[in-house]
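Structure assessment
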Amino acid sequence: MVKRAEEFAVVGKRVHRVEGCDKVTGDALYVADIKLPGMLHGRILRSPYPHARIVRLDTSRAEKLKGVRAVVTAEDTIKRGWGAFFPDQYPLALGKVRYVGEEVAAVAAIDPDIAEEALDLIEVEWEPLPAVFDAEEAMAEGAPLVHEDKPRNIALTIDVERGDVAAAFRDSDLVVEDTFESTPQWHSAIETIGSVAEYAASGKYTIYMNTQTLFNARYRIAAALGVRETDVRIIQPAVGGGFGGKSCDDNNAVVAAILAKKARKPVKIINSREEEFLAGSRPRVNMKIWVRMGFKKNGAIRAKHIRVIADNGAYSGKAPAITGVAALRHDTCYKYSDVKTQAYLVYTNKIPTGAFRGFGNPSAEWAVEQVIDEAAHRLGIDPLEIARMNAAEPGYVSPHGNRVKSCELRQCIDLVERMMDWKAKRRSKKPDTGLGIACTVHVSGKRHFGDYDGGSATIKINEDGKALIISGEGECGQGAGTTLCQIAAEELGIPLEDVEFSQADTDLTTFCLGAFGSRLTYIAGNAVRDAAQKVKQQLYETAAEVLEANPDDLVSRDGRIFVRGAEQKSVTVADVARARLFRRNGAPVVASGSFDADSVLQDATRYGNESGAYNFGCQAAEVEVDTQTGQVRVLKYAAASDCGTVINPLAAEGQVEGSVAQGLGYALIEGLKMEEGRPLNPNFSDYRLPSMRDMPPLEHAFADSYEPTGPFGAKGLGELGMDPTAAVISNAIFDAVGVRIKTLPITPEKVLRALREKRREEGR
């Protein structure tokens, strides 16, 4: 029987973060706070060229500077490429550089100023090479090759068709097609990427780093260093935000480790803000997306053909998987039958792109949701109704094999309609104001790495009755640790205050994939619940002896174990833990749990159920456009999310609000200016982020939903909230003034230009 949220003791309650006190009092230890005996400070020499050959590299003057303990170049590496999917990058440039900011050499010195001075003493003779900065141009025959072994600079091609797309278009009453361009977006976490690396005489590296995926980081760093995985230990300190950018696709920790080995001292490297823009957290993959869709007169989607050209930048990182998501994921949001997808991931001489909240979805939805909106307007159908008509529902299987179990997308549309007072506002539409809507789908984990989409955790009950979750999933600021503590407390029947969450450490915890794909609540939550159930079984076995009862008759609540129906007979969890340990042949109360989602590693044609559960959402905005200045003011924003049971409403609301803020930044504000591959504004003075004053009145709601395979019915949420936001804003602008903006960000200049063009075409 499904238990409702209000029936739980801890799950569904608005609890504060378990690590919150440490953070607000300054006690939390971030990587920049770590100080080890004899620690040196590392700095990195970066390429000033987007594409150049290294003719000569002389570090002799830097090595002689007083206070310098080590200088390293590619000669100090194993000269082997590494990367999440393609081994196409090196810790330090080998022979040539491919983007401005690429690592060329590095210095470790007794203080940061000496390290900086030493960088100035490194002499490099460059031979600039022809470069390419546009992905479409890079695909042309004869374009400069970023990697000599990649013809036409194409890193990845996807070309799949399901059904008979040509026939479906012939069967359509309306065909809409257009092209849209997204833009790179930076994570802009308050804490930049950093690491402290130690090297022991045994050959083992210990690296403190603010990564959000410890075990994947260990695997990649070991590959880059040419050692076994267990020769690298990753310890996660407190992390000041990740958003996908701290997934260890960059070279920071690898270079720190190389320096530490050569200097035989611990080395700390913390990215400056400018370095973070150049070569730290890798920005969202910008894409050019052509979409063609066919519709019946009643608004039913009949056919879809999408062509994606994704800008990889100089190295691949996670971009291959992101391109796949952009090309295919959206076909799980609505009911499709006939679809064709072509996607190309293309190298350019620009900053490598990578994982960012949404992981390809925001770019795809920016394009697809505008085409659906355009069709609704041409067919004279309310955009909200065309979404409702085509919405996925439980039991839907997408053309690519994604199997939907729980789905409350239509309920989300209903919630947004109510929150926005949609019908009343459409009836009394004011000049230059408009409404926009868009829907989204996301995963709760994804079977990316090997045939595994799982997690594991260990729980031990201490002698005082408190539980410790030992987990390598980590906590990167999103509140996952608190959510997992709530799940354990609920299953064990103990107060939340009696549950702690361990520091993530690859030597001391079982294997975990970490934070990506909105997976922690669903995947790690199921693993924690499995461990808690096994621990509870041990507790009940011993409690039954103490209470002289049958274990099947026991129930736990508030840290005590009762005999059901005779609750005067009880014992504390602490007493049970001690009773199990302190006796002949005693043993601690401890158990490990695991979970592997019912998902499939997609085959060569990209077919297969990629996730164990799918999350859905709908958002809407009301905007006002100043036709004299092009300024867009968001009057109200509404977001509804289907994330199953909400484990911690306080944290979930924070996820939605933060997601919408990032989505509005992506839609209206954020953008790095580039000139010949050189960033012109890699700092917070010129790269503007949305602040409190940019936030509109925001109303959000969670659908009444239950995912049968989730822990207490929960599924993922973290990325859902920013996926459709840019499309929502653009659709609202179109409804307001009749112009459709097709490149991000939507600046006042673009709006004004489109309005002038519209007036010219209308002869005004």
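In what follows, the structure referred to is the one given above.
Notes on the structure follow.

What about the nonpolar core?
Where a protein is soluble and globular, its nonpolar side chains tend to be buried together. Among the nonpolar cores identified, the biggest contains 116 residues, and Met293, Tyr336, Ile372, Val623, Ile729, Ile733 and Ile746 are the most heavily contacted of them. Residues Ala467, Cys485, Ala577 and Ile647 belong to the second largest nonpolar core, which totals 47 residues.

Some remarks on the pairing of strand 9 (residues 194-199)
Both faces of the sheet carry side chains from a regular strand, because those side chains alternate between them. Of all six residues that make up strand 9, five are buried, and the element is covered over most of its length. The pairing of strand 9 with strand 12 (residues 267-270) spans four bridges and is antiparallel. Bridge pairing links Ser195 to Ile269 in strand 12.

Focus on the sheet that holds strand 15 (residues 339-347)
Taken in spatial order, the five strands make up an open sheet running 7-15-14-13-8, and their pairing is mixed. The open sheet is flanked by strand 7 (154-162) and strand 8 (174-181), the only strands paired with a single partner. Each strand axis lies, on average, 5° off the axis of its neighbour in the sheet, ignoring direction. Where strand 8 and strand 13 (residues 287-295) come together, eight bridges link them in antiparallel fashion. Residue pairing for strand 13: Glu177 is matched across the bridge by Arg292. The strands that helix 9 (residues 319-328) touches are strand 7, strand 13, strand 14 (301-313) and strand 15; relative to strand 15, the one it contacts most, it runs at about 155°.

Observations concerning the environment of Arg418
Following the sequence through the fold, Arg418 ends up in helix 12 (residues 409-420). For the pair Arg418 and Ser247, spaced 171 residues apart in the sequence, the C-alpha separation amounts to 39 Å.

Quick word on the packing of aromatic side chains
The full count for this structure, using the stated rule, is 12 aromatic pairs. Arranged with centres 5.5 Å apart and planes meeting at 45°, the rings of Trp186 and Phe277 form a pair that is tilted. One end of the pair, Trp186, is in the loop between strand 8 and strand 9; the other, Phe277, is in helix 8 (residues 273-279), with 91 residues separating them in the sequence. Take Trp186: its relative accessible area is 4%, and that puts it in the buried class. When its relative accessible area of 2% is taken as the criterion, Phe277 is described as buried. Put simply, the rings of Trp186, Phe277, Phe684 and Tyr687 touch in pairs and so form one group of aromatic residues. Positioned above the aromatic ring of Phe734, the side-chain terminus of Arg740 is 4.1 Å from the ring centre.

Focus on the packing of helix 15 (residues 520-547) against helix 16 (residues 573-581)
Running from N to C, helix 15 and helix 16 cross one another at 90°; their axes reach a closest spacing of 9 Å. With respect to helix 16, the element helix 15 is oriented roughly perpendicular. Where helix 15 abuts helix 16, its residues Gln538, Leu539, Glu541, Thr542, Ala543 and Val546 lie against Val573, Val576, Ala579 and Arg580. Here the residues of the contact of helix 15 with helix 16 sort into six nonpolar, two polar and two charged.

Some remarks on the pattern of salt bridges
This structure, assessed with the given rule, holds 64 salt bridges. The salt bridge involving Lys288 is made with Glu136; its shortest N-O contact spans 2.7 Å. On the criterion of sequence distance, the pair formed by Lys288 in strand 13 and Glu136 in helix 4 (residues 135-138) is long-range, its members being 152 residues apart. Overall, Lys288 belongs to the partly exposed group, its relative accessible area being 29%.

Focus on the environment of Ser337
Take Ser337: it is sitting in the loop between helix 9 and strand 15. Using a relative accessible area of 44% as the deciding quantity, one classes Ser337 as partly exposed. For the pair Ser337 and Met692, spaced 355 residues apart in sequence, the C-alpha to C-alpha distance is 43 Å. Excluding residues within four positions of it along the chain, Ser337 makes contact with Arg162, Gly163 and Arg302.

Looking at the sheet that holds strand 25 (residues 632-642)
The strand order across the open sheet built from four strands is 16-24-25-28, with neighbouring strands paired in mixed fashion. The strands lining the two open edges of the sheet, one partner per strand, are strand 16 (433-443) and strand 28 (698-702). Each strand axis lies, on average, 15° off the axis of its neighbour in the sheet, ignoring direction. As paired elements, strand 25 and strand 28 share five bridges and run parallel to each other. Of the residues in strand 28, the one forming a bridge with Ala638 is Glu699.

Definitions and limits used
Residues numbered from 1 in each chain as written. Predicted model: local features only at pLDDT ≥ 70, side-chain atom pairs only at ≥ 80, totals over all residues. Heavy atoms only, no water. Core = buried A, V, L, I, M, F, W, Y, C linked by side-chain atoms within 4.5 Å. Buried < 20%, exposed > 50% of the residue type's maximum accessible area, 1.4 Å probe, protein only. Helix = DSSP H or I, 4+ residues; strand = E, 2+ residues; numbered from the N terminus. Pairing = 2+ DSSP bridges. Axes fitted to C-alpha atoms, helices over the stretch in contact; angles between N-to-C directions. Contact = heavy atoms within 4.5 Å. Phe/Tyr/Trp six-rings, centres within 6.5 Å; stacked < 30°, edge-to-face > 60°. Lys NZ or Arg CZ within 6 Å of the ring centre and 35° of its normal. Parallel < 35°, antiparallel > 145°, perpendicular 65-115°, else oblique. Nonpolar A, V, L, I, M, F, W, Y, C, P; charged D, E, K, R; others polar. Salt bridge = Lys/Arg side-chain N within 4 Å of Asp/Glu carboxyl O.

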